[in-house]
Amino acid sequence: MTQVIGHLINGEMIHTNKSNAERTQDVFNPATGEVTKQVALASKQTVEQAISSAEAAFPAWRKTPPLKRARVMFRFKELLEQNSDKICRLIGEEHGKISHDAAGELQRGIENVEYACGAPELLKGEHSKNVGPNIDSWSEFQPLGVVAGITPFNFPAMVPMWMFPLAIVCGNTFILKPSERDPSSTLFIAQLLKEAGLPDGVMNVVNGDKEAVDTLLSDNRIKAVSFVGSTPIAEYIYATANANGKRCQALGGAKNHAIVMPDADMDNTVNQLLGAAFGSSGERCMALSVAVTVGDEAGDALVAKMTEGMKGLSVGEHTNANNDFGPVITKAHQEKVNGFIASAAQQGATLVVDGRNPVVKGFENGYFVGATLIDHVTADMASYQAEIFGPVLQVIRVKTMQEAMQLINDHEYGNGTCIFTRDGEAARYFSDNIQVGMVGINVPLPVPVAYHSFGGWKRSLFGDLHAYGPDGVRFYTKRKTITQRWPSSGIREGVSFAFPS
Ligand code: NAD
């Protein structure tokens with residue numbers, strides 16, 4: 001019988017077989033096209049059960065000293081490391097990510113756990129003595145209550161760990177709704193928290209679809225929602241959460257450009273672009289999907305060297321570490337990516353390397369798209385305007401750096417960008433003026449480390465605070481400022497109707 005991936009509520013797994021799950025959906029191995037498991041889709045009642053469990057766990061967890069909360073995270077980090085092979089295998093089986101890429105994702109997730117281990121320091125607050133005669137004032141950061149996270153398929157281990165470790169050490173209880181396309185690694189990771197000593201109910205996982213998400217968005221007991229996914233859904237989540245009085249941060253899609261200046265080290269640039277454009281089949285929100293070359297010489301050199309470099313790339317199944325990247329997530333997504341490649345050619349771009357329908361021996365039914373290079377792309381093309389989310393690098397040729405920057409600034413997304421150059425002045429001008437949230441200088445994937453925060457600008461992020469790091473602590477806490485006077489010296493003050501100063 002096909003395994004059913006259930007929900008983790010109050011420390012127990014429920015709905016783990018066909019007979020007790022309400023609705024289910026197929027989970028595929030994208031390398032073979034086969035259905036390997038089913039995932040339970042939580043009903044409103046199941047989500048409400050999870051919220052009740054998180055609500056019941058909150059008062060005791062809120063009072064647990066931050067140092068004790070951090071100790072759970074220390075043990076959790078060790079368990080993640082001990083179980084890394086299993087986690088990477090689960091990611092590979094459902095997402096298709098090659099084992100070395102999955103290990104990188106897990107490592108970046110663990111770094112967020114390490115940051116959360118600093119809870120006592122992060123929650124110390126601010127203190128001012130003698131703000132007035134015998135008066136002291138301090139600000140403390142209190143947990144919000146029950147908070148929720150809704151996550152995408154492309155980083156099933158890392159993106160959830162952008163959220164729950166920090167939310168939990170800040171004293172909140174958590175409900176995670178992972179992607180229904182590859183939920184197993186996420187669920188397994190959450191189960192490790194119990195082994196690490198987390199009290200039941202502090203962390204809950206509900207698998208599901210829109211019904212589960214809408215229940216989280218409408219229930220008054222949920223105080224804040226963190227979302228990562230595509231822009232149309234991010235916008236919907238942000239608007240609905242706000243309308244229901246919740247704090248919300250909703251991270252969306254991207255179109256990340258690299259400017260290639262005429263003075264760039266072209267061999268190095270090509271090596272960086274190969275990994276950043278095609279790694280994880282381009283299914284990264286920070287994938288570099290557009291190279292903007294300044295001057296025809298840079299354009300010609302880049303296209304020639306990329307074409308050469310792409311000859312050595314290998315697309316295939318996740319267990320073979322010699323493969324560079326795996327399949328895309330679904331058949332429908334494979335067709336969508338292929339459609340964008342076709343449309344670019346139809347609209348007049350040059351298909352330099354066409355990766356459609358690669359032959360992957362033994363995996364003929366997998367959802368593979370090979371590395372694709374498209375030259376002479378223009379801003380009016382559908383393939384340029386949309387986020388393709390596949391192993392496709394498009395080249396736009398411009399004459400000046402100003403023109404390149406204008407192109408980036410005009411794009412609806414503003415997640416990541418980078419410049420390849422040897423000119424420090426140009427790089428400094430670029431980083432200062434570009435309208436994008438995360439910027440690389442000769443660094444193709446400028447994903448901030450765990451002790452900074454992650455977030456794009458424009459339609460790549462709805463909300464005020466970025467994910468994880470210092471912004472994460474602010475997002476998962478509310479500030480309370482206390483002002484106290486102890487007139488212990490016996491001083492008595494007279495009545496005053498003036499505003500205190
Ligand atoms: P998605 O928007 O389809 O799904 C994300 C989550 O939203 C899932 O949990 C899904 O179940 C839920 N969802 C989907 N449709 C919904 C609906 N109609 N109502 C309520 N909930 C719904 O995204 P995806 O395809 O899983 O992930 C890829 C997208 O995520 C890309 O656009 C990528 O750029 C983006 N992403 C962004 C970041 C970032 O940090 N900005 C990081 C990773 C991925």
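Remember, it's a predicted structure, so these values are computed and weren't measured experimentally. Along each chain, numbering runs from 1 in the same order as the chain's sequence is written. Local features in a predicted model are, by the rule used here, given only for residues with pLDDT of at least 70; side-chain atom pairs are given and counted only at 80 or more, and totals for whole chains, interfaces and linings are based on all residues. In computing side-chain values, all of the structure's heavy atoms are included and hydrogens and water are not.

Right, let's talk about the overall build of the chain for a bit. Each helix corresponds to a stretch of at least 4 residues labelled H or I by DSSP, and each strand to a stretch of at least 2 residues labelled E; elements are numbered beginning at the N terminus. A count of helices and strands for the chain gives 16 helices and 23 strands. Summarising its shape, the C-alpha atoms of the chain cover approximately 85 × 60 × 40 Å along the three principal directions. Only heavy atoms matter for contacts: two residues are in contact if any of them lie within 4.5 Å across the pair. A sequence separation of at least 24 residues applies to 73% of the contacts in the chain between residues at least 6 apart. A 1.4 Å probe and the Shrake-Rupley method give the accessible areas. Residues count as covered only by the protein chains that appear here. Split by element, the accessible area of the chain, about 20,700 Å² in all, is 51% carbon and sulfur. Averaging the locations of the 45 positively and 53 negatively charged side chains of the chain gives two centres separated by 9 Å. Charge assignment in this entry is limited to Lys and Arg as positive and Asp and Glu as negative, and neither His nor the chain termini are counted. Here the site of a charge means NZ on Lys, CZ on Arg, CG on Asp, or CD on Glu.

A separate point is the site of the ligand. We call a residue near a molecule or strand whenever a single non-hydrogen atom of that residue lies within 4 Å of it. The ligand sits among 26 residues. The nearest are Lys177, Glu180, Ser230, Gly252 and Glu387. Note that an oxygen atom of the ligand is positioned 3.2 Å from one of the backbone N or O atoms of Gly229. Residues adjacent in sequence count toward polar contacts only when both atoms are side-chain atoms; beyond that, a polar contact is any pair of N or O atoms within 3.5 Å, and within protein one must be able to donate a hydrogen and the other to accept it. Here a nitrogen atom of the ligand and a backbone polar atom of Gly252 are 2.8 Å apart. Protein coverage of the free-state accessible area of the ligand, which is 840 Å², stands at 89%.

Below, the discussion takes up the sheet that holds strand β6 (residues 126–132). Two strands qualify as a pair provided that DSSP identifies no fewer than 2 bridges between them. Within the open sheet, the 3 strands sit side by side as β6-β7-β23. Their pairing is antiparallel. Every other strand in the sheet has two partners, leaving β6 and β23 (477–485) as the edge strands with one partner each. The average angle at which neighbouring strand axes cross in this sheet is 25°, direction not considered. Direction of pairing for strand β7 (residues 135–143) relative to β23: antiparallel, over a ladder of 9 bridges. Note on β23: the bridge partner recorded for Glu140 is Lys480. Orientation is described by lines fitted to C-alpha atoms, with helices fitted over the stretch in contact, and by angles between N-to-C directions that extend from 0 to 180 degrees.

Next up on the list: the nonpolar core. Here is a general trend for soluble globular proteins: nonpolar side chains tend to be buried in one another's company. In this description, a nonpolar core means a group of buried Ala, Val, Leu, Ile, Met, Phe, Trp, Tyr and Cys residues linked to one another through side-chain atoms lying within 4.5 Å. A simple rule labels every residue: compare its accessible area, found with a 1.4 Å probe on the protein chains alone, to the largest value its type can have, and call it buried under 20%, exposed over 50%, or partly exposed in between. With 69 residues, the main nonpolar core has Phe76, Trp162, Ile168, Phe174 and Met203 as its most contacted residues. Here the element with the most residues in this core is helix α6 (residues 158–169); it accounts for 10 residues. As used throughout, domain bounds are those supplied by an automatic or database domain assignment. Both domains that meet at this core, namely domain 1 (4–252 + 460–482) and domain 2 (256–441), each give it at least three residues. When sequence neighbours within four positions are dropped, the list of residues in contact with Phe174 reads Val147, Ala148, Gly149, Met163, Phe164, Ala167, Ile168, Val202, Met203, Asn204 and Tyr476.

Even without being a glycine, Ser280 presents a positive backbone phi close to 55°. Ser280 sits in the buried class, given a relative accessible area of 5%. In this model, Phe389 sits at a positive phi of 60°, which is unusual for a non-glycine residue. Mapped onto the fold, Phe389 is located in the loop between α13 (382–385) and β17 (392–398).

Two elements in contact, helix α4 (residues 99–116) and α6, have axes separated by 8 Å at closest approach and are oriented at 10°. Considering the angle they form, α4 stands roughly parallel to α6. Contact residues: Glu105, Leu106, Arg108, Gly109, Ile110, Asn112, Val113, Tyr115 and Ala116 in α4; Met158, Met161, Trp162, Pro165, Leu166 and Val169 in α6. Basically, the charged four are Asp, Glu, Lys and Arg, the nonpolar ten are Ala, Val, Leu, Ile, Met, Phe, Trp, Tyr, Cys and Pro, and anything else, Gly included, counts as polar. Grouping the amino acids of the contact of α4 with α6 by side-chain chemistry returns 11 nonpolar, 2 polar and 2 charged. Comment on the angle field: the value is read as roughly parallel under 35 degrees, roughly antiparallel over 145, roughly perpendicular from 65 to 115, and oblique elsewhere.

Moving on to the packing of aromatic side chains. Each pair of aromatic rings taken from Phe, Tyr and Trp, with Trp reduced to its six-membered ring, is defined by centres within 6.5 Å and is described as stacked if the planes are under 30 degrees apart, edge-to-face if over 60, and tilted in the remaining cases. Scanning the model with the defined rule gives 8 aromatic pairs in all. Here Phe153 and Phe389 contribute two aromatic rings whose centre-to-centre distance is 6.0 Å and whose plane-to-plane angle is 90°, an arrangement assigned as edge-to-face. On the criterion of sequence distance, the pair formed by Phe153 in the loop between β8 (146–150) and α6 and Phe389 in the loop between α13 and β17 is long-range, its members being 236 residues apart. Pairing Tyr238 with Phe462 gives two aromatic rings, centres 6.4 Å apart and planes at 35°, and the pair type is tilted. Within this pair, whereas Tyr238 is found in helix α9 (residues 231–243), its partner Phe462 is found in strand β22 (residues 461–462), the two being separated by 224 residues in sequence. Through a chain of ring-to-ring contacts, the aromatic side chains of Phe76, Phe164 and Phe174 assemble into a single cluster. A positively charged side chain is recorded as over a ring if its NZ (Lys) or CZ (Arg) lies within 6 Å of the ring centre. The angle to the ring normal must also be within 35 degrees. One residue, Arg474, lies across the ring of Phe141, its end atom 4.1 Å from the ring centre.

This brings us to the domain arrangement of the chain. Partitioning the chain into domains gives domain 1 (4–252 + 460–482) and domain 2 (256–441). Taking only C-alpha atoms, the centre of domain 1 and the centre of domain 2 are 31 Å apart. Contacts between domain 1 and domain 2 engage 23 residues on the former and 26 residues on the latter. Taken together, both faces of the contact between domain 1 and domain 2 bury some 2,000 Å²; the carbon and sulfur share is 60%. When residues of domain 1 are sorted by the area they lose upon contact with domain 2, Ala31, Ile98 and Ser460 head the list and together hold 26% of the total. The working definition used for a salt bridge is a side-chain nitrogen of Lys or Arg within 4 Å of a carboxyl oxygen of Asp or Glu. For the pair domain 1 and domain 2, the number of links is 1 salt bridge. For the side of domain 1 that touches domain 2, the secondary structure elements donating two or more residues are α3 (84–95) and α4. In terms of residue count, the dominant contributor to the side of domain 1 that touches domain 2 is α3 (5 residues). Among the residues making up the side of domain 1 that touches domain 2, the classes are represented as 6 nonpolar, 10 polar and 7 charged. Once two parts are put together, the accessible area they lose, assessed with a 1.4 Å probe and summed over both, is termed the buried area.

Turning our eyes to something else, we now look at the sheet that holds strand β1 (residues 3–5). One open sheet accounts for 3 strands, arranged β1-β5-β4; its pairing is mixed. The sheet terminates laterally at β1 and β4 (23–29), the two strands that pair on one side only. For this sheet the average axis-to-axis angle between neighbouring strands, irrespective of direction, equals 40°. The pairing of β4 with strand β5 (residues 34–41) spans 7 bridges and is antiparallel.

Relative to the 18 Å expected for 13 residues at 1.5 Å per residue, helix α10 (residues 266–278) spans 18 Å between its end C-alpha atoms, a close match to the ideal helical length. Among the residues of α10, Met266, Thr269, Val270, Leu273, Leu274, Ala276, Ala277 and Phe278 are the ones counted as buried. In the core, the buried residues of α10 are packed alongside β13 (256–260), β14 (288–294), α11 (296–310), β16 (372–375), β17 and β19 (416–420). One side-chain oxygen at the N-terminal end of α10 lies 3.3 Å from the backbone nitrogen of Asp267; it belongs to Asp265. Positive backbone phi, approximately 55°, marks Ser280, located one or two places after α10. Helix span, as expected, comes to 1.5 Å for every residue beyond the first.

It is at 9 Å that the axes of α3 and α4 come closest, and there the two elements cross at 115°. α4 is crossed by α3, and the crossing has right-handed handedness. Contacts between α3 and α4 pair Ser84, Ile87, Cys88 and Ile91 from the former with Ser99, Ala102, Ala103, Glu105 and Leu106 from the latter. Across the contact of α3 with α4, the residue classes break down as 6 nonpolar, 2 polar and 1 charged. Left-handed describes a crossing whose near helix is turned anticlockwise from the far helix by less than a right angle; the clockwise case is right-handed.

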